[in-house]
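Structure assessment
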Number of protein chains: 2
Amino acid sequence: MKKIINDPSTVVTESLRGLAAAHGDILKVRTEPAVVYRADAPASGKVAIVSGGGSGHEPMHGGFVGLGMLDAACPGAVFTSPTPDQVQAAIEHVNGGAGVLLVVKNYTGDVLNFETAAEFAAAEGLDVRTVVIDDDVAVKDSLYTAGRRGVGGTALLEKIVGGAAEGGYSLDECEALARRVIGSVRSMGVALTACTVPHIGEPSFVLEDDEIEIGIGIHGEPGRRRVPHQPAEQLVQTLLEPILDDLPFSSGDRVLLFTNSMGGTPLVELYLAHGIAERLLADRGITVERRLVGPYVTSLEMQGMSLTVLKVDDEMLRWWDAPVRTAALRWGA
Amino acid sequence: MKKIINDPSTVVTESLRGLAAAHGDILKVRTEPAVVYRADAPASGKVAIVSGGGSGHEPMHGGFVGLGMLDAACPGAVFTSPTPDQVQAAIEHVNGGAGVLLVVKNYTGDVLNFETAAEFAAAEGLDVRTVVIDDDVAVKDSLYTAGRRGVGGTALLEKIVGGAAEGGYSLDECEALARRVIGSVRSMGVALTACTVPHIGEPSFVLEDDEIEIGIGIHGEPGRRRVPHQPAEQLVQTLLEPILDDLPFSSGDRVLLFTNSMGGTPLVELYLAHGIAERLLADRGITVERRLVGPYVTSLEMQGMSLTVLKVDDEMLRWWDAPVRTAALRWGA
């Protein structure tokens, strides 16, 4: 295993130190338990948006902390759920008096630990709501999941609902908007190569030289099937069709298209795939209103990509376009 | 070779199509010859900044086209210099009447082809200047270079001089500022793995399981030496010391620190390395005034990183902080 680390047991803590040093104007980091929070937290009178999950998916979630997006992120160990005390610490730290919305990806450990923290907070009289995102159409139940997994749609949800919270939405309104996004977003991914978790030291799975895995999970969980490698045209179609058929999306729909790298895919390939996806959507009469292209929801150094399609309306577009100032997403500020 | 492509011979063209689709509000693309240019080009009365080089280093340079940075970028084939007619087309397209500055990385093919285009433009009466950046301290002459190679410092130069051009600097002033940046910036990189050029289909070089290459070039050109893999603490020191000794940088200096991924290195590792570099600079009494962390000057899917240190003054900081709106760098706009 060749990684730029000192010791597998301190990777996350040391990385958070670097994150804090790089973006001190946007975020701060506390450890024991580890929380990344907005430099100006708590934002008084604003609904606080808190998320988190295993590390190794950077920039999600720490890179999404800042004005117009998350108030705090709880980074677990690599590919491991954050603990309830991390989530509790985050809630306490960013609570501005208008309630807290927890954004949880649908993995069993994440759901349980966020739920436990929410119960503690509720017992202390805080108004805490939880939404669970499960946008991955690849498989129903999975290695770490009852139901579908939460993947790329999470980044879009956090931007849109974070923007709305910054814009003065109440907790009820934030929760309702989040549920609408969850109901309107679908994703699917593919792996060309595996990735290696530092404290394991071996690739999570093995793909042959000419083999890819369709429907891969962001922790390398099994997808739908392993197939021979295929040209980009066919690959993008293989990812896009199950997404479009699932909601379903249809002619006349307006969408946000998110072409995401799993981490190790060069941008030259990612843009190539994005161009194909744009064309396939246009062919179906679907209008791409906004785009996001880049490595935002990753699996360490895994080569591969995912597509996420969100059916948008004017309200979602308004908060997508609203100013954001985080390490990973920034515009208008 | 597993890549998300259709045909090695059309990778760049198809990728540019995706880039244009993704960022139509920022840039436009023309082909035959291929040029990426600002959507609002030409900017009348503004000095135009033009760069380019082989593809495979994305987001450099196409992702740096837009308000406050480049007016145009000329993407060559993967790891191949752009042709003179690309550069000529770019110059003609973005010339706003205040002159054109060509920013060229020091590779023999790039220097020759930009020079040829500059001569044509001069013959037509245009005021065109050229600056050549050679910030890589690893090796003096190299596979494609007489003298040092141009690497990570290019992104910093393009932001700072692009900001100044947007702010109304004359061609003389832009050129002088660019030369000052070149005189003040130094870089060095390391490869943990090789990368594969699509039309070659095989890795450019081979590193053993526990071997890394110090001083690697961004096309995989040989560096200083191959050594056993080492902990991040030692690795960052190995990169930073030759940089600091070269200029030299000394206690009391103010710097911009750029921690760059070669493409395939996870952000969790990159931030970890960045934190170490910040601490080592502080230990030497050097003040980090600004930071950039991410995959900006890449070598396809290569795992590895580079450090770039720029000795800054108030003028450079002013134009670094100025608004920028490109696919890859964006703030204040």
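Note that the structure is a prediction, hence the values are computed from the model and not measured. (Residues numbered from 1 in each chain as written. Chains lettered and ligands numbered in written order. Predicted model: local features only at pLDDT ≥ 70, side-chain atom pairs only at ≥ 80, totals over all residues. Heavy atoms only, no water.)

Topic: the overall build of chain A
The helix and strand inventory of chain A stands at eight helices and 14 strands. Computed over its C-alpha atoms, the radius of gyration of chain A comes to 19 Å, within 12% of the 20 Å expected for a compact globule of 333 residues. Here the C-alpha coordinates of chain A stretch approximately 55 × 50 × 35 Å along the principal axes. Of all 333 residues assigned to chain A, the portion counted as buried reaches 65%. Contacts in chain A between residues far apart in sequence, at least 24 positions, make up 73% of those at least 6 positions apart. Carbon and sulfur atoms form 49% of the exposed surface of chain A, whose accessible area is close to 10,800 Å². Chain A carries 28 positive and 44 negative side-chain charges, and their two centres are separated by 4 Å. (Helix = DSSP H or I, 4+ residues; strand = E, 2+ residues; numbered from the N terminus. Rg over C-alpha atoms; globule rule 2.2 N^0.38 Å. Buried < 20%, exposed > 50% of the residue type's maximum accessible area, 1.4 Å probe, protein only. Contact = heavy atoms within 4.5 Å. Areas by Shrake-Rupley, 256 points an atom, 1.4 Å probe, with all protein chains shown as cover. Lys, Arg positive; Asp, Glu negative; His and termini not counted. Charge placed at Lys NZ, Arg CZ, Asp CG, Glu CD.)

Describing the relation of the copies chain A and chain B
The pair of chain copies shares a relation made of a rotation about an axis and a shift along it. The two copies are related by a screw motion: chain A maps onto chain B through a turn of 180 degrees and a shift of 0.0 Å along the axis, at an RMSD of 0.0 Å. The transformation just described matches what one would write down for a two-fold rotation axis. When C-alpha positions in chain A are compared against the rotation axis, the closest is assigned to G264(A), at 2.1 Å. An overlap of 100% is found between the interface residues of chain A and their copies at the interface of chain B, pointing to a shared contact surface. (Least-squares fit on C-alpha atoms with pLDDT ≥ 70 in both.)

Observations concerning the packing of helix α5 (residues 171-184) of chain A against helix α8 (residues 314-321) of chain A
Residues and elements named next belong to chain A. Between α5 and α8, the least distance of the axes is 11 Å, while the angle of their chain directions is 105 degrees. The orientation of α5 with respect to α8, classified from their angle, is roughly perpendicular. Contacts from L177, R180, V181 and S184 in α5 reach E315, M316 and W319 in α8. Looking at the contact of α5 with α8 residue by residue, the classes come out as four nonpolar, one polar and two charged. (Axes fitted to C-alpha atoms, helices over the stretch in contact; angles between N-to-C directions. Parallel < 35°, antiparallel > 145°, perpendicular 65-115°, else oblique. Nonpolar A, V, L, I, M, F, W, Y, C, P; charged D, E, K, R; others polar.)

Concerning the sheet that holds strand β9 (residues 225-228) of chain A
All names here are of chain A. The strand order across the open sheet formed by six strands is β9-β8-β7-β12-β10-β11, and the pairing between neighbours is mixed. The open sheet has two edge strands with one neighbour each: β9 and β11 (287-294). Between one strand axis and the next, the sheet turns by 20 degrees as a mean value, whatever way the strands run. With seven bridges joining them, strand β10 (residues 254-261) and β11 adopt parallel strand pairing. Paired with R254 across the strands is T287, a residue of β11. (Pairing = 2+ DSSP bridges.)

Thoughts on the domain arrangement of chain A
Residues and elements named next belong to chain A. When cut into domains, chain A gives domain 1 (16-184) and domain 2 (185-320). Of note, the centres of domain 1 and domain 2, computed from C-alpha atoms alone, are 22 Å apart. Listed as interface residues are 39 residues of domain 1 and, on the opposing side, 40 residues of domain 2. When the two sides are added together, the surface that domain 1 and domain 2 hide from each other amounts to roughly 3,300 Å², 64% of it contributed by carbon and sulfur. For R148, the salt bridge is made with D246, and the minimal N-O distance between the two is 2.5 Å. Where domain 1 touches domain 2, the interface holds 21 residue pairs in polar contact (both at pLDDT 80 or more). At the level of elements, α4 (153-166) and α5 are the ones that each hand at least two residues to the side of domain 1 that touches domain 2. With seven residues, the top contributor of residues to the side of domain 1 that touches domain 2 is α4. Looking at the side of domain 1 that touches domain 2, its residues break down into 21 nonpolar, ten polar and eight charged. (Domains from an automatic or database assignment. Buried area = accessible area lost by both parts, 1.4 Å probe. Salt bridge = Lys/Arg side-chain N within 4 Å of Asp/Glu carboxyl O. Polar contact = N/O pair within 3.5 Å; in protein donor to acceptor, adjacent residues only side chain to side chain.)

Quick look at the interface of chain A and chain B
Chain A puts 54 residues into the contact, and the matching count from chain B is 54 residues. Counting each side, the surface lost to burial between chain A and chain B is near 4,400 Å², with a carbon and sulfur contribution of 64%. Our enumeration of links across chain A and chain B arrives at two salt bridges. Residue E269(B) pairs with K3(A) through a salt bridge whose shortest N-O separation is 3.4 Å.

Description of the sheet that holds strand β9 (residues 225-228) of chain B
Residue and element names in this part refer to chain B. If you trace the six strands from one edge of the open sheet to the other, you get β9-β8-β7-β12-β10-β11, paired in mixed fashion. Whereas interior strands pair on both sides, the edge strands pair on one side only; in this sheet they are β9 and β11 (287-294). The mean inter-strand angle of the sheet, taken between neighbouring strand axes irrespective of direction, is 20 degrees. Here strand β7 (residues 185-191) pairs with strand β8 (residues 211-214) via two bridges, running antiparallel. Paired with V190 across the two strands is I214, which belongs to β8. Its contacts with the sheet place helix α6 (residues 232-246) against β7, β8, β9 and β12 (304-311), and it is angled at close to 155 degrees to β7.

Remarks on α5(A)
Residues and elements named next belong to chain A. With 14 residues, α5 should cover 20 Å at 1.5 Å per step; its first-to-last C-alpha distance of 20 Å lies within 8% of that length. Buried within α5 we find L171, C174, E175, L177, A178, V181, I182 and S184. Among the structural elements, β5 (100-105), β6 (128-133), α4, β7 (185-191), β12 (304-311) and α8 are those in contact with the buried residues of α5. (Expected span 1.5 Å × (residues − 1).)

Regarding the packing of helix α1 (residues 11-22) of chain A against helix α7 (residues 267-283) of chain B
Interaxial distance between α1(A) and α7(B) falls to 7 Å at its minimum, and their mutual angle equals 65 degrees. With respect to each other, α1(A) and α7(B) are oriented roughly perpendicular. The two elements α1(A) and α7(B) cross, and the hand of that crossing is left-handed. Listed contacts from α7(B) to V11(A), E14(A), S15(A), G18(A), L19(A), A21(A) and A22(A) of α1(A) are L267(B), V268(B), Y271(B), L272(B), H274(B), G275(B) and E278(B). Counted by class, the contact of α1(A) with α7(B) contains eight nonpolar, four polar and two charged residues. (Left-handed = near helix turned anticlockwise from the far one by under 90°.)

Considerations on the packing of aromatic side chains
Residue and element names in this part refer to chain A. According to the stated counting rule, one finds six aromatic pairs over all chains in the structure shown. Where Y169 meets W319, the ring centres are 5.3 Å apart and the plane angle is 80 degrees; that geometry is what we call edge-to-face. Residue Y169 is located in the loop between α4 and α5, and its partner W319 is located in helix α8; the two are separated by 150 residues in the primary sequence. In terms of burial, Y169 and W319 fall into one category: buried. (Phe/Tyr/Trp six-rings, centres within 6.5 Å; stacked < 30°, edge-to-face > 60°.)

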